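So you can see what is in the structure, the chains are spelled out below.
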Amino acid sequence: MIRVAVSGACGRMGSKIIKRITREDDMEVVAAIEAPNTPFKGKDVGEVIGIGTIGVKVTGAEELEEALRDSKPDVVVDFTIADAAVNTVEKASKLGINLVVGTTGFSIEQLEKIEKDIKEGDVKAIIAPNMAVGVNVFFKVLEELAKLLPDYNVEIMEAHHKHKKDAPSGTALRALEIIAVATGRDPDKVSVYGRRGLIGERSDDEIGVHAIRAGDIVGDHIVLFAGEGERLEVIHRAHSREAFVSGVIRALRFIEKAEPGKISNMNDVLGIR
Ligand SMILES: NC(=O)C1=CN([C@@H]2O[C@H](COP(=O)(O)OP(=O)(O)OC[C@H]3O[C@@H](n4cnc5c(N)ncnc54)[C@H](O)[C@@H]3O)[C@@H](O)[C@H]2O)C=CC1
Ligand SMILES: O=C(O)C1=N[C@H](C(=O)O)C[C@H](O)C1
């Protein structure tokens, strides 16, 4: 049995991950962590997320370390916000617990800390801005297209629900990085986030990144490669969060095979080279 602690347990992703784990026969939820001083503290997480009692009480993140020590999970899954995920990684690494992190919106400094904690703790970790199988194939396609069409103008567009806190999405930023690196460009130097005013002509080097927030859009990513007289568009649309949840379940089954002290990604889980 894979013993799983879920941080962000009552959120859009955390609640669906818990629901799915309760239906799998090789894994179980042993801890449910929520924001500090959560009103759900002490309530059964199954009751809170509408699946009935599962015997796991919600704990506030102020007691994260204690909760992890007591529940002894094999893996902590984190779908929260960047600051919270940094803390989850720190505590889990210190206790030698493996990690699956889907949270996005990290700063460079936060990513450096995460990397350092995982290395020092020598734990296994899978961190990916998008766990959907299709998106990870989409990344591979983008890398190939960028090499095949190096002179084409690239624009990245993403659309998400109105509740999403970070922008652009972690997936759009990963797409930017993949395309820039594949064509020998520095993503930080060539990215242009939205455009406004009398900004002049577009340079050939730049990569535009645009974020839409509206209603209940689960997650769309569109990358266009435009040349003279034509354009090629690659589109991934998540219809349901189950696409991400399925990826999390695969990551949970893979993690024992991951390299300790290092951050693995969904390519490692899915065997994409
Ligand atoms: N990698 C992937 O495939 C996906 C990644 N995401 C990312 O996952 C994150 C969460 O997304 P949603 O579930 O839509 O957000 P949400 O806002 O519905 O859920 C986040 C949950 O974390 C809780 N939380 C806040 N601070 C906390 C703390 N210190 N400790 C524990 N819990 C805390 C909140 O109360 C909330 O219940 C975002 O960064 C999002 O971009 C979302 C979908 C797929
Ligand atoms: O917040 C979301 O919802 C999502 N976030 C991830 C991201 O930032 O890329 C992945 C997915 O698109 C849904």
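Remember, predicted model here, so these are calculated numbers, not experimental data.

Calculation rules
Residues numbered from 1 in each chain as written. Chains lettered and ligands numbered in written order. Predicted model: local features only at pLDDT ≥ 70, side-chain atom pairs only at ≥ 80, totals over all residues. Heavy atoms only, no water. Axes fitted to C-alpha atoms, helices over the stretch in contact; angles between N-to-C directions. Helix = DSSP H or I, 4+ residues; strand = E, 2+ residues; numbered from the N terminus. Parallel < 35°, antiparallel > 145°, perpendicular 65-115°, else oblique. Left-handed = near helix turned anticlockwise from the far one by under 90°. Contact = heavy atoms within 4.5 Å. Nonpolar A, V, L, I, M, F, W, Y, C, P; charged D, E, K, R; others polar. UniProt positions renumbered as here; feature names shortened; annotations may be inferred. Polar contact = N/O pair within 3.5 Å; in protein donor to acceptor, adjacent residues only side chain to side chain. Near = heavy atom within 4 Å. Areas by Shrake-Rupley, 256 points an atom, 1.4 Å probe, with all protein chains shown as cover. Salt bridge = Lys/Arg side-chain N within 4 Å of Asp/Glu carboxyl O.

## Side note on the packing of helix α1 (residues 12–23) against helix α9 (residues 242–254)
Packed helix pairs are specified by the crossing angle of their axes together with the interaxial distance, meaning the distance between the axes.
Part 1: For the pair α1 and α9, interaxial distance at closest approach is 10 Å and the crossing angle is 60 degrees. Compared by their axis directions, α1 and α9 come out oblique. Of the two possible hands of crossing, α1 and α9 adopt the one that is right-handed. From α1, Met13, Lys16, Ile17, Arg20 and Ile21 reach across to α9, where they touch Glu242, Phe244, Val245, Ser246, Val248, Ile249 and Leu252.
Part 2: Broken down by class, the residue content of the contact of α1 with α9 amounts to 8 nonpolar, 1 polar and 3 charged.

## Quick notes on the UniProt feature "active site" (unreviewed entry) in the protein chain
Part 1: Listed under "active site" (unreviewed entry) in the UniProt record, and renumbered for this structure, are His160 and Lys164.
Part 2: Residue position: His160 is located in strand β7 (residues 153–160).
Part 3: When near neighbours in sequence (up to four residues on either side) are disregarded, His160 contacts Ser169, Ile212, Arg213, Ala214, Ile217, Val218, Gly219, Asp220 and His221.
Part 4: Within the structure, His160 has its side chain in polar contact with the side chain of Glu158 (distance 2.8 Å).

## Here we look at the site of ligand 2
Part 1: Within the structure, ligand 2 sits among Thr104, Pro129, Asn130, His160, His161, Lys164, Ser169, Gly170, Thr171, Val218, His221 and Phe244.
Part 2: Contact between ligand 2 and Lys164: an oxygen atom at 2.7 Å from a side-chain N or O atom of the residue.
Part 3: Taking 330 Å² as the accessible area of ligand 2 by itself, protein coverage stands at 85%.
Part 4: Here the shell around ligand 2 is built from residues that sort into 3 nonpolar, 8 polar and 1 charged.

## Quick notes on the pattern of salt bridges
Part 1: A full pass over the atoms with the stated rule returns 25 salt bridges.
Part 2: Among the ionic pairs, Arg69 bridges to Glu65, the shortest N-O distance being 2.9 Å. Of this pair, Arg69 and Glu65 both sit in helix α3 (residues 64–71), separated by 4 residues, roughly a single helical turn.
Part 3: The partner of Lys140 in a salt bridge is Glu143, and the shortest N-O contact between them spans 3.7 Å. Here Glu143 and Lys140 lie together in helix α6 (residues 133–148), a separation of 3 residues that amounts to about one turn.

## What to know about the UniProt feature "binding site: (S)-2,3,4,5-tetrahydrodipicolinate" (unreviewed entry) in the protein chain
Part 1: This chain's UniProt record puts "binding site: (S)-2,3,4,5-tetrahydrodipicolinate" (unreviewed entry) on His161, Gly170 and Thr171.
Part 2: In contact with Gly170, other than residues within four places in its own chain, are Thr104 and Pro129.
Part 3: The residue Thr171 is located in helix α7 (residues 170–182) in this model.
Part 4: Filtering out sequence-adjacent residues up to four positions away, Thr171 remains in contact with Pro129, Asn130, Val135, Phe139 and His221.
Part 5: Side chain to side chain, Thr171 and Asn130 meet in a polar contact 3.1 Å long.

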